[in-house]
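Residue strings, one per chain:
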Amino acid sequence: MDLDVTSVSKQPEPYGQAPAAIQVITGEDIQRSGASSIPEALRLADNLDVAQKNSHDWAISARGFNTALGNKLLVLIDGRAVYTPLYSGVFWDVQDYLLEDIDRIEVVSGPGGTLWGANAVNGVINITTKSAKDTQGLYVEGGGGNWLQDFVGARYGGMLASNVYYRVYGKYFDRSSEVLSNGNSASDSWRMGQGGFRIDSEASPQNLLTLQGDFYLGDEKATTGDTRTGGGNVLGRWSHIFSDDSDMSLQLYYDRTHIAIPKPAVFLDAAGTLRDDLDTYDLDFQHHFSLGDRNRIIWGLGYRLTHDIVGEAPSVEFVPATLYQNLFSGFVQDEIKLHEKLFLTLGTKLEHNDYTGFEVEPSARIQWNATSKQMFWGAISRAVRTPSRIDHDLREPLGGPLPDLLDGGTNFTSETLIAYELGYRAELTKKISTSISAFYNDYENIRSSSTELPSSLLVFKNNLEGDTYGFEWSGDWQVLDWWRLHGGYDLLEEDIHVKPGKTDFSNGLNETADPQQQFSIRSSMDLPENVDLDATLRWVDTLHNNNGPNPGTVPSYFELDVRIGWHPTKNLEFSIVGQNLLHDQHAEYGFPGATTTEEIERSVYGKVAWRF
Amino acid sequence: MKKIIWLAAIALLLSGAPELPAQTGISREYQVKAVFLFNFAQFIAWPTNAFADPQTPMTIGVLGDDPFDSFLDETVRGEKVGEHPLVIQHYRRIEDVQGCQILFISRSEDGQTGRILAGLKDKNILTVGDSDGFIKDGGIVRFVMEENKIHFRINLEAAKSANLAISSKLLRLAEIVEPGSD
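Residues numbered from 1 in each chain as written. Chains lettered and ligands numbered in written order. Predicted model: local features only at pLDDT ≥ 70, side-chain atom pairs only at ≥ 80, totals over all residues.

**Concerning the overall build of chain A**
A tally of helices and strands in chain A yields 4 helices and 39 strands. Its C-alpha atoms give chain A principal-axis dimensions of roughly 70 × 55 × 45 Å. Expressed as a percentage of its 612 residues, the buried residues of chain A come to 49%. Considering only contacts in chain A between residues 6 or more positions apart, those separated by 24 or more positions represent 59%. (Helix = DSSP H or I, 4+ residues; strand = E, 2+ residues; numbered from the N terminus. Buried ≥ 20, exposed ≤ 12 C-beta atoms within 10 Å, placed from the backbone. Contact = placed C-beta atoms within 7 Å.)

**With respect to the overall build of chain B**
What chain B contains, in helices and strands, is 6 helices and 10 strands. Of all 182 residues assigned to chain B, the portion counted as buried reaches 46%.

**Concerning the sheet that holds strand β2 (residues 58-63) of chain B**
Residue and element names in this part refer to chain B. With respect to topology, 8 strands assemble into an open sheet ordered β3-β4-β2-β5-β6-β7-β8-β10, the strand pairing being mixed. Taken across any chain shown, the strands that pair with only one partner, and hence form the sheet edges, are β3 (80-81) and β10 (175-177). In this sheet, strand β7 (residues 141-146) lies alongside strand β6 (residues 126-129) in parallel orientation, the contact comprising 2 bridges. Looking at the pairing, Gly129 lines up with Arg142 of β7. (Pairing = 2+ DSSP bridges.)

**Details of the nonpolar core**
Inside soluble globular proteins, nonpolar side chains tend to come together where they are buried. Residues B:Leu37, B:Ile60 and B:Ile102 are the most contacted members of the largest nonpolar core, which totals 134 residues. In contact with B:Ile60, other than residues within four places in its own chain, are B:Leu37, B:Ala41, B:Leu72, B:Val76, B:Leu86, B:Ile88, B:Cys100, B:Ile102 and B:Phe104. (Core = buried A, V, L, I, M, F, W, Y, C linked by C-beta atoms within 7 Å.)

**Quick look at the confidence of the model for chain B**
Residue and element names in this part refer to chain B. Of all residues in chain B, 85% attain a pLDDT of 70 or more, and the chain-wide mean is 80. Considering only residues more than four positions removed or in separate chains, one finds that residues 11-24, a stretch of pLDDT under 50, has 38 contacts. What the predictor reports for the complex is a pTM of 0.91 with an ipTM of 0.77. (pLDDT = per-residue confidence, 0-100.)

**Describing the sheet that holds strand β9 (residues 123-129) of chain A**
All names here are of chain A. The strand order across the open sheet built from 5 strands is β3-β8-β9-β6-β7, with neighbouring strands paired in mixed fashion. Only two strands of the sheet have a single partner each, and these edge strands are β3 (21-26) and β7 (80-81). Pairing of strand β6 (residues 73-77) with β9, which is carried by 5 bridges, proceeds in the parallel orientation. What sits directly across from Leu76, in β9, is Asn126.

**Examining the pairing of strand β35 (residues 557-566) of chain A**
Residues and elements named next belong to chain A. By the bridge criterion, 10 bridges tie strand β32 (residues 531-540) to β35 in an arrangement that is antiparallel. Counted as the bridge partner of Val540 is Tyr557 from β35. Judged from the 5 bridges that link them, β35 and strand β36 (residues 572-579) form a sheet pairing that is antiparallel. The residue bridging Arg563 from the neighbouring strand is Val577, located in β36. The loop that links β35 with its antiparallel partner β36 comprises 5 residues.

**Brief notes about helix α2 (residues 28-43) of chain B**
Relative to the 22 Å expected for 16 residues at 1.5 Å per residue, α2(B) spans 23 Å between its end C-alpha atoms, a close match to the ideal helical length. Burial runs high along α2(B): 12 of the 16 residues are buried. (Expected span 1.5 Å × (residues − 1).)

**Quick word on the environment of B:Pro57**
Residues and elements named next belong to chain B. Looking at the secondary structure, you find Pro57 in the loop between β1 (44-45) and β2. Considered as a pair, Pro57 and Lys80 are 23 residues apart in the sequence and their alpha carbons are 8.4 Å apart. Excluding residues within four positions of it along the chain, Pro57 makes contact with His84, Pro85, Leu86 and Val87.

**Quick notes on the pairing of strand β18 (residues 272-291) of chain A**
All names here are of chain A. The pairing of strand β17 (residues 246-263) with β18 spans 18 bridges and is classified as antiparallel. The residue bridging Asp247 from the neighbouring strand is His288, located in β18. Remark: 3 residues form the turn of the hairpin made by β18 and strand β19 (residues 295-311), two consecutive strands paired antiparallel; Gly292 in that turn has positive phi of roughly 65 degrees.

This is the structure in structure tokens:
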């Protein structure tokens, strides 16, 4: 693969040279797979566990801990962090873009704390959109099917001045409900509209300026009432090139999200609505330079202010309801050329957050370019998952003199990881390339819950520890000029348990919900008459999901997605996409029971796209 | 397998999943009561002769229909109170009850509660129930729903007769009531 990746060193380096477990999903991979949303596109990364929960929600993680409140993954879109400080997870239903204009998605499994900060414990997903220069002209798409009922999208790109490019886009879709395990509708249909713009200026050769923004509105139906989502962001970035080996960039963004979830009346509580409004202001600076011919140094400073307002629902509160939080960070990393083929990268991040104060995330990476086609790498890193509002500020009162049912712990501290990794990446022949990464993760202070009368029946604590280990393999085989195969396999062993002498109400089982193995095979064929045929077969192992109303397992499953595309002319493309074709419906997540498990139906959609 | 459903309830809430209509399994009311039982086991002291030896299991018994579904079993599995592993037993008849430290008497036994509690008098068993008149019938702890709020009442005299020492941390949260009350 000839691509440059940026997620491993915060500067472009060839994929073959990146000393981490990184997988790249290109814009073309996304188009060919028939993915119609970002979570569907993420299925293409073999190092992720991607589970569709219902019509709008997904559970996505790397190397374990894929619970409903999974919190160990950092996700960025064009440098903007998209997780919620309520529980450090991602609302996948509101992360969207015109997929045509996504340049690539870099998925790093393993800790990225040194460069990317706290919460990049098990992985970093970096979604980058194409520059405006690469999205000139008019693009229109539309179509529909049984689950993706109807959708339309358009983008127009032009020039504002010489070397100043822009684009504007809009998209809208309706998705229908998924089903319950008894075949009835789950009544969770939804729709979303989103639009945005991007301006890139190359007016001066040393200065690149980018201004971009998006806004969205969504509406999700449920038997208990509609959930409304809305938000927007604006981001500016200035890159300045001092010389061939020295450059800097300064980025500022503002992000706003709003969500209102209806809560039905349940034991002890009236019905209500849980609202959250979040404003994020983020300033980020980085400078990269070479020192002599053996050191490439990158360092940076960052500041983030979040302003979160939670409107309480009966029996669920976050205290204080309104919270300003400050996050200061700095990092430095040096890539040292020990030898012609041997590189040692040392770095650390230092952060200060309002809950736990200073956190340090150092790492050391070594890379050996054994031949021009083979590379070995190893790494030891420390990463930290800092408390989120649910760990610290949650209150579930029972009223009167009674203790709270479940509270955040005011002494809740950060979860920590020391990760040991080894990897190998090679072009075995001109047609076959492969990569394999192995890891051993040692976790401390993972979230647990215990009694703390008289104030709380249950309180969050950090009484779990343990380790996980496994490996990830992926390979590409250009079988023929017109036929490519890609395979991926993951193994994950987990031993997370209660610290000796301590207790956990859930006995160590609340934080994990992961399949032990997964594999997938993808076939891509360029057929005659301008036809493309792509198919992906995936298999996911049994899921033991421990944090729900009933204990249980989701059975292992095979599933198949197929796309047939036809481009009769350069500008016009028709495609039919079938997803989850092997079963009428199947479960990927959740808890067993006739009415409580949501399952995913077989679905098909057709699409027309014009590129002018 | 264990689970912390409040966490899941929050998760369901935050991830916007629909609240599905009354499902098989335990209701939230009994999830809350189960967490209370878990706390009772930790904040009450039984006399040493209530256990054969320090490693004897501490048993929470459920007499009658089980309103907890399998939740209590899941909740306590693997837990310990001091050195005693915590176990759950299900009983159909009062005659079968032996060697348990906490006994939850289900509403299915309404009408016989008085007779049942009379037979348990002066044994070192914490009797817990939510039926009307549970305290009057001789029970020690009763869950009460009042104005959409849950309370629990403790008959301290009955606790003393059963030789149980209740931690002040638990007492201050309860309504202390006289033997004759509801």
